[in-house]
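Examination of the molecular architecture
What follows is the residue order along each chain.
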Amino acid sequence: MDAAIGMIEVEGVAGIIVAGDAAVKSAEVELLGWDSTGGFTTIFFSGSLSDVNAALRSGEQAAREMVEYVVAAPLTHPEPVCRQYVSVPVDRGMEVRQAALGLIETRGYGVHVEIDDRMVKTAAVDIFNVITVHNRVVCSLIQGDVGAVREAVAVGRQLLAGYEHFLGSAVIPQPVPELLQAFGPRPQAAGGGV
């Protein structure tokens with residue numbers, strides 16, 4: 001049997017990014033990766049049962065500050081097959097730049113083109129990744145120094161004022177490297193799909 005596994009599920013993506021960062025920073029757990037289905041995403045981490053429970057508490061609290069729907073649960077004696085539910089594992093070989101991480105999440109893709117363009121033009125940030133999941137949920141991840149990321153996210157939020165499909169935003173000043181390796185860009189498959 002495997003170490004205990006913790007799972008936190010939210011609607012969208014930004015909530016599990018914030019939850020995963022908080023979980024890994026609060027206890028001795030290993031970030032495994034994430035999965036998405038039907039607009040809901042789940043982040044997975046493993047460790048001792050006491051560490052998984054501590055990480056679940058911190059991760060769930062962080063997620064609840066962003067989104068309404070949060071489910072957190074431990075698997076106390078998971079079979080190895082449970083790791084197969086992690087469809088996007090942490091790419092531990094991915095080289096990532098340590099910088100602050102900003103998140104903007106909405107329903108609808110088109111608005112992100114304008115928001116991302118404006119954030120990059122406003123502050124010294126780079127688009128780290130744009131993640132789309134079911135139910136038209138899109139999350140833009142930007143990187144730069146903390147001040148620039150805060151400024152860019154503020155501009156994004158301003159542009160989204162009154163936009164009914166705005167889901168949330170966050171700034172993570174010092175994300176753990178595994179988080180960046182879990183949510184970083186993936187190579188495109190032949191034919192353009194991932």
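This part covers the overall build of the protein. Secondary structure assignment for the protein yields 5 helices and 9 strands. Helices and strands appear in the protein in the N-to-C order β-α-β-β-α-β-β-β-α-β-β-α-β-α. Its C-alpha atoms give the protein a radius of gyration of 16 Å, near enough to 16 Å, the size a compact globule of 194 residues would have. Considering only C-alpha atoms, the protein reaches an extent of 50 × 35 × 35 Å along its principal axes. The 194 residues of the protein split such that 49% are buried. Excluding contacts between residues fewer than 6 apart, the proportion of contacts in the protein whose partners are at least 24 apart in sequence is 76%. For the protein, the exposed surface amounts to about 9,100 Å²; the carbon and sulfur share of it is 51%. Charge separation in the protein, taken as the distance between the mean sites of 13 positive and 23 negative side-chain charges, equals 4 Å.

Further remarks concern the nonpolar core. Most often, soluble globular proteins have nonpolar side chains that are buried together. Grouped together as the largest cluster of nonpolar side chains are 43 residues, with contacts concentrated most on Ile17, Leu101, Leu103, Leu141 and Phe183. Counting residues per element, this core draws most heavily on helix α1 (residues 14-26), at 8 residues. Split by domain, the residues of this core number at least three in each of domain 1 (4-89) and domain 2 (100-183). With residues near it in sequence (within four places) discarded, leucine 141 still touches Ile17, Leu101, Gly102, Leu103, Asp126, Ile127, Phe128, Asn129, Ile131 and Phe183. Residues Ala100, Ile115, Val125 and Ala152 belong to the second largest nonpolar core, which totals 13 residues.

Now for the pairing of strand β1 (residues 4-11). The two faces of the sheet receive side chains in turn, since in a regular strand these alternate between them. As paired elements, β1 and strand β3 (residues 40-47) share 8 bridges and run antiparallel to each other. When the bridges of β3 are listed, alanine 4 appears paired with glycine 47. In terms of strand pairing, β1 meets strand β4 (residues 70-75) through 6 bridges, oriented antiparallel. What sits directly across from glycine 6, in β4, is proline 74.

The residue asparagine 135 is not glycine, and still its phi comes out positive at about 65°. Relative to the elements of secondary structure, asparagine 135 occurs in the loop between β7 (125-133) and β8 (137-144). We note that arginine 136 has phi near 60°; this positive angle belongs to a residue other than glycine. In this structure, arginine 136 sits in the loop between β7 and β8.

This part takes up the sheet that holds β7. Picture the strands of a sheet paired through backbone hydrogen bonds; they go either parallel or antiparallel. Strands sit in the order β7-β8-β6-β9 across an open sheet of 4 strands; the sheet is antiparallel. Sheet topology places β7 and β9 (166-172) at the edges, where each strand pairs with a single neighbour. For this sheet, the mean inter-axis angle between neighbouring strands, taken without regard to orientation, is 15°. In terms of strand pairing, β7 meets β8 through 8 bridges, oriented antiparallel. Within β8, the position partnered with valine 130 by the bridge is serine 140. Across the sheet, helix α3 (residues 110-122) touches β6 (100-107), β7 and β8, and the angle it forms with β6 is around 155°.

This next bit is on α3. In this model, α3 (13 residues) spans 19 Å end to end at C-alpha, consistent with the 18 Å of a helix rising 1.5 Å per residue. Those residues of α3 that sit buried are Val111, His112, Ile115, Asp116 and Met119. Taken around the axis of α3, the buried residues stretch over an arc of 120°, which confines them to a single face. The outward face of α3, more than 90 degrees from its buried face, is lined by the exposed residues Gly110, Val113 and Lys121.

Quick look at the domain arrangement of the protein now. Partitioning the protein into domains gives domain 1 (4-89) and domain 2 (100-183). Using C-alpha coordinates to define each centre, domain 1 is positioned 21 Å away from domain 2. Contact with domain 1, which involves 22 residues of that partner, is made by 24 residues of domain 2. At the boundary of domain 1 with domain 2, total buried surface from both sides reaches about 1,700 Å², with 73% on carbon and sulfur atoms.

Reading the values: rules and limits
- Residues numbered from 1 in each chain as written.
- Predicted model: local features only at pLDDT ≥ 70, side-chain atom pairs only at ≥ 80, totals over all residues.
- Heavy atoms only, no water.
- Helix = DSSP H or I, 4+ residues; strand = E, 2+ residues; numbered from the N terminus.
- Rg over C-alpha atoms; globule rule 2.2 N^0.38 Å.
- Buried < 20%, exposed > 50% of the residue type's maximum accessible area, 1.4 Å probe, protein only.
- Contact = heavy atoms within 4.5 Å.
- Areas by Shrake-Rupley, 256 points an atom, 1.4 Å probe, with all protein chains shown as cover.
- Lys, Arg positive; Asp, Glu negative; His and termini not counted.
- Charge placed at Lys NZ, Arg CZ, Asp CG, Glu CD.
- Core = buried A, V, L, I, M, F, W, Y, C linked by side-chain atoms within 4.5 Å.
- Domains from an automatic or database assignment.
- Pairing = 2+ DSSP bridges.
- Axes fitted to C-alpha atoms, helices over the stretch in contact; angles between N-to-C directions.
- Expected span 1.5 Å × (residues − 1).
- Arc of directions from axis to C-beta.
- Buried area = accessible area lost by both parts, 1.4 Å probe.

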